[in-house]
Amino acid sequence: MNGPSPREKGLTKSLMNELRRQNAFDDGENIKNREAVLGRISTLVKNFVLTVSKSCGMSDAVAHASGGKTFTFGSYRLGVHGPGDDIDCLLVVPKHVSRDDFFTTFLPMLQETQGVTEVTGISGAYVPIIKSKISGVKVDFLCARLNLPSIPDDLELADDNLLKNLDERCVRSLGGPRVTDEILRLVPNKGVFQDALRCIKLWARRRAIYSKMMGFLGGVAWAMLVARICQLYRKQAAGAIVSRFFMIMHQWKWPQPVILKPIGDGPLGVKVWNPYLYPQDRLHRMPIISPVYPCMCLTHNVFASTQEIITQECKRAADVMSCIFDGGAPWSQLFEKNDFFLSYRHYIQVVAVADSAENLKKWSGTVESKLRQLALKLEFVESVELAHPYVKGFELVAHCINEKEVTEVTFNRISDVVINRTQEEAAKEPGYRTVYTTTFYIGVAVAPKQAGTVTVGTL
């Protein structure tokens, strides 16, 4: 296949200029800050393992030799992070360090670390996680312990045999860096892949379809799609990859899976994605399959409405790309924000309410995790054609002075008086209360009702 034409090279150059205008790249200071934060984390992880090792009765020499290593994954490891993006970190620890230690020892150590302003542990999550903010950088921590007495600094995670004798949560946690590294290994040109992915990532966020939790695609799934197009057009420039991405993806014959390499078996007796063997796998609407063992579907959260929205957005982008390549539109048109709040006549509003910022973070996270299920159930209501969850909530802090105002805030009926009132003003009143809310929205497309018909639906 021939390489990029002069026209495609020129379009790629203009794309990169537009991405810079759109602030899609970290600046030098942010990059240095992230590197400094990762340096502190690396030291902290070794101290964490050292502390636990000594508590197990090990000698100083053995405890120091136990090691511990941090692996990044996600956007940062892929090299496509931008301002405000978080860093995903996996702590790999030896077999004598437990997940309980992760929450009872590492979490307090993290709280005491210089520059840390936020720490929240979610031990009961599908993949247990600690969320934090360090020197202004959001860092999410996972933990996996290997069946090894020590973790050397030169450890790599590509060997499938490292997964032996591990529990499911450790296997899932290890999947983050293993998948990220394998994607980078499988693309023919890493630079082209990164430039194209940075574009697709910005587009997906602007069009509000970048959220695995809400039933759209997460960062790894978008990276897999871009990597597959790079494999199909191995010598093309980033601009051409982006154009072909939309042209192919809006016509993809789902549920034909997207894979970067053949699905294979490994050393564990665990399930690998196979729709011929497992009926549950046949229910996946847009299967994108991880390229490492055990191969799993990264997009099991997608449901009919979100699949339709993603397809429509790819079709819109393909039309815009045609105009861009014909010289009739600038790249900025691709990144126009979506019009979610103008798209539907009906919206469902879900408000999470708490009495403190910390409690709101936990409670709104729980509510957010259930929103996809609500949207999914709405699809079964007669006359509902589409249920579109918005990808993020909107936070508000209201300083109320009586129960009436508290009730109004709870139902998101907030007067300008409450919105503009300061905490100092409210604190002078005897009924003063601060209410913290996060409001989520689902847009609902309803079929026109025929004259004389009655619609009955249950959730």
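About the criteria used
Residues numbered from 1 in each chain as written. Predicted model: local features only at pLDDT ≥ 70, side-chain atom pairs only at ≥ 80, totals over all residues. Heavy atoms only, no water. Helix = DSSP H or I, 4+ residues; strand = E, 2+ residues; numbered from the N terminus. Rg over C-alpha atoms; globule rule 2.2 N^0.38 Å. Buried < 20%, exposed > 50% of the residue type's maximum accessible area, 1.4 Å probe, protein only. Contact = heavy atoms within 4.5 Å. Salt bridge = Lys/Arg side-chain N within 4 Å of Asp/Glu carboxyl O. Disulfide = S-S within 2.5 Å. Axes fitted to C-alpha atoms, helices over the stretch in contact; angles between N-to-C directions. Parallel < 35°, antiparallel > 145°, perpendicular 65-115°, else oblique. Left-handed = near helix turned anticlockwise from the far one by under 90°. Nonpolar A, V, L, I, M, F, W, Y, C, P; charged D, E, K, R; others polar.

**Student:** Even after reading the chapter, I still don't get the overall build of the protein, so can you show me in this structure?
**Tutor:** Counting its secondary structure elements, the protein contains 14 helices and nine strands. For a compact globule of 459 residues, the expected C-alpha radius of gyration is about 23 Å, and the protein comes in at 24 Å, within 12% of that figure. Its C-alpha atoms give the protein principal-axis dimensions of roughly 80 × 75 × 50 Å. Counting over 459 residues, the protein shows a buried share of 49%. A fraction of 72% describes how many contacts in the protein between residues 6 or more apart in sequence connect residues 24 or more apart.

**Student:** When you look at the pattern of salt bridges in this model, what are you seeing that I'm missing?
**Tutor:** Two side chains of opposite charge can pair, provided their charged atoms sit close to one another. The tally for this structure, following the rule as stated, stands at 23 salt bridges. Taking the shortest distance from any N to any O, the salt bridge between Arg 205 and Asp 85 comes out at 2.8 Å. One end of the pair, Arg 205, is in helix α7 (residues 190-206); the other, Asp 85, is in the loop between α4 (74-78) and β2 (87-93), with 120 residues separating them in the sequence. Via salt bridges that share partners, Asp 85, Lys 201 and Arg 205 belong to a single interconnected network.

**Student:** I tried to follow the state of the cysteines on my own but got confused; where do I start?
**Tutor:** Put plainly, a disulfide is one covalent bond tying together the sulfur atoms of two cysteines. Using the criterion set out here, one finds zero disulfides in the structure. The thiol of Cys 323 is not disulfide-bonded; the next cysteine sulfur, from Cys 199, is found 15 Å away. Assessed through its relative accessible area of 37%, Cys 323 is described here as partly exposed.

**Student:** Quick question: what am I supposed to make of the packing of helix α9 (residues 238-249) against helix α10 (residues 304-325) here?
**Tutor:** How two helices sit against one another is set out by the angle between their axes and by the gap between those axes. Packing of α9 against α10 leaves a shortest axis separation of 8 Å and a crossing angle of 140 degrees. The orientation of α9 relative to α10 falls into the category oblique. Note on packing geometry: the crossing formed by α9 with α10 is left-handed. Of the residues in α10, those in contact with Gly 239, Ala 240, Val 242, Ser 243, Phe 246, Met 247 and Met 249 of α9 are Cys 314, Ala 317, Ala 318, Met 321 and Phe 325. A per-class count over the contact of α9 with α10 returns 10 nonpolar, two polar and no charged.

Spatial relationships are all this shows, so hold off on functional conclusions.
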